[in-house]
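For reference, the chains in residue letters:
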Amino acid sequence: DPSSRVCFANAAAHAVFGYGHDEMLGLALDALVPTDMRAMHAGFVHSFHAAPSARAMASDLPLRARRKDGSLFPVEVALAVMHTVDGLHTVAFVSDVSRHREEEARARAYHARLREMAFEIQVSEERERRRIAVGLHDQVGQSLTLVKMQLTRLRDRLAGDDLALVTECLRLL
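Given the structure is predicted, the values throughout are model-derived calculations rather than measurements.

Colleague: I keep staring at the pattern of salt bridges and nothing clicks. Help me out?
Modeller: Proximity of charged atoms lets side chains of opposite charge pair with each other. Within the structure shown, the criterion is met by 13 salt bridges. Between E126 and R129 there is a salt bridge, and its shortest N-O distance comes to 3.2 Å. Of the two residues, E126 and R129 both sit in helix α4 (residues 98-155), three residues apart, roughly one turn of that helix. For E126, a relative accessible area of 31% corresponds to the partly exposed category. Residue D156 pairs with R155 through a salt bridge whose shortest N-O separation is 3.8 Å. Judged by relative accessible area, which is 58%, D156 ranks as exposed.

Written out as structure tokens, the structure is:
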């Protein structure tokens, strides 16, 4: 209501905030706002009343609400305006986004792990490439050099078609 007191709350609000029906009616809005956010919230209320319109409340900030037991939980709030004979009433649709934030955190952790695994795979692939390159250089390269030396010795003893064949093999080698 215009004095920032709760004048209606549905069953979902009672369940989320932990207040009974009679406890919530007339409750000062500050009771639902964390202590460290009350000054900022007062600014939001003032700016909303200066230009009332349906909108999300501070969607760029991590908003929290306070339960009856004092525990805090993340929320998203959508605001609307209702004009009555008693004055301007603010309608707030409060959504507990705890589960959503937990899922986001799990998704971020999962993606971070995927990046780590991709990096580990890349490092492993590079090690394997080096191992193969060393194997080619040290084993296959030496063997090919020995074959070339032997073919060169053989070529020096040959003539005719056999000489042309060995010379072609050396060129390919």
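Colleague: Mind showing me how you'd approach the confidence of the model for the chain here?
Modeller: Caution is warranted with low-pLDDT regions, since their predicted coordinates should not be read in detail. Per-residue confidence for the chain averages 90 on the pLDDT scale, and 100% of its residues sit at or above 70. The least confident element of the chain, judged by mean pLDDT, is strand β1 (residues 55-56) at 84; the most confident is strand β2 (residues 64-66) at 95.

Colleague: Just to check I follow, could you spell out the pairing of strand β3 (residues 72-84) for this structure?
Modeller: Each regular strand carries side chains that alternate between the two faces of the sheet. Relative to β3, β1 runs antiparallel, the two sharing two bridges. Looking at the pairing, R55 lines up with L79 of β3. Summarising the sheet, β2 and β3 pair through three bridges and their orientation is antiparallel. Of the residues in β3, the one forming a bridge with R66 is L72. By the bridge criterion, 10 bridges tie β3 to strand β4 (residues 87-96) in an arrangement that is antiparallel. Residue pairing across strands places V77 opposite V94, the latter belonging to β4. Remark: two residues form the turn of the hairpin made by β3 and β4, two consecutive strands paired antiparallel.

Colleague: I would appreciate a short explanation of α4 in the present structure.
Modeller: Given 3.6 residues per helical turn, the α-helix brings residues three or four places apart onto the same face. The terminal C-alpha atoms of α4 lie 81 Å apart, and with 58 residues this matches the ideal 86 Å at 1.5 Å per residue to within 8%. At G141, α4 shows its maximal kink, close to 30 degrees.

Colleague: Please clarify how the environment of G70 should be interpreted in this entry.
Modeller: Within the secondary structure, G70 is located in the loop between β2 and β3. Residue classification places G70 among the partly exposed positions, given a relative accessible area of 29%.

Colleague: Just to check I follow, could you spell out unusual backbone geometry for this structure?
Modeller: With the exception of glycine, most residues fall at negative phi, and the peptide bonds are largely trans. At S4, a residue that is not glycine, the phi angle is positive and equals roughly 60 degrees. For S4, a relative accessible area of 27% translates into the label partly exposed.

Colleague: Please clarify how the environment of T84 should be interpreted in this entry.
Modeller: Among the secondary structure elements, T84 is positioned in strand β3. Through-space distance from the C-alpha of T84 to that of Q139 is 90 Å; in sequence the pair is 55 residues apart. A polar atom in the side chain of T84 sits 3.1 Å from the side chain of H89.

The rules we used
Residues numbered from 1 in each chain as written. Predicted model: local features only at pLDDT ≥ 70, side-chain atom pairs only at ≥ 80, totals over all residues. Heavy atoms only, no water. Salt bridge = Lys/Arg side-chain N within 4 Å of Asp/Glu carboxyl O. Helix = DSSP H or I, 4+ residues; strand = E, 2+ residues; numbered from the N terminus. Buried < 20%, exposed > 50% of the residue type's maximum accessible area, 1.4 Å probe, protein only. pLDDT = per-residue confidence, 0-100. Pairing = 2+ DSSP bridges. Expected span 1.5 Å × (residues − 1). Bend = angle between axes of the 7 residues up to and from the residue. Polar contact = N/O pair within 3.5 Å; in protein donor to acceptor, adjacent residues only side chain to side chain.

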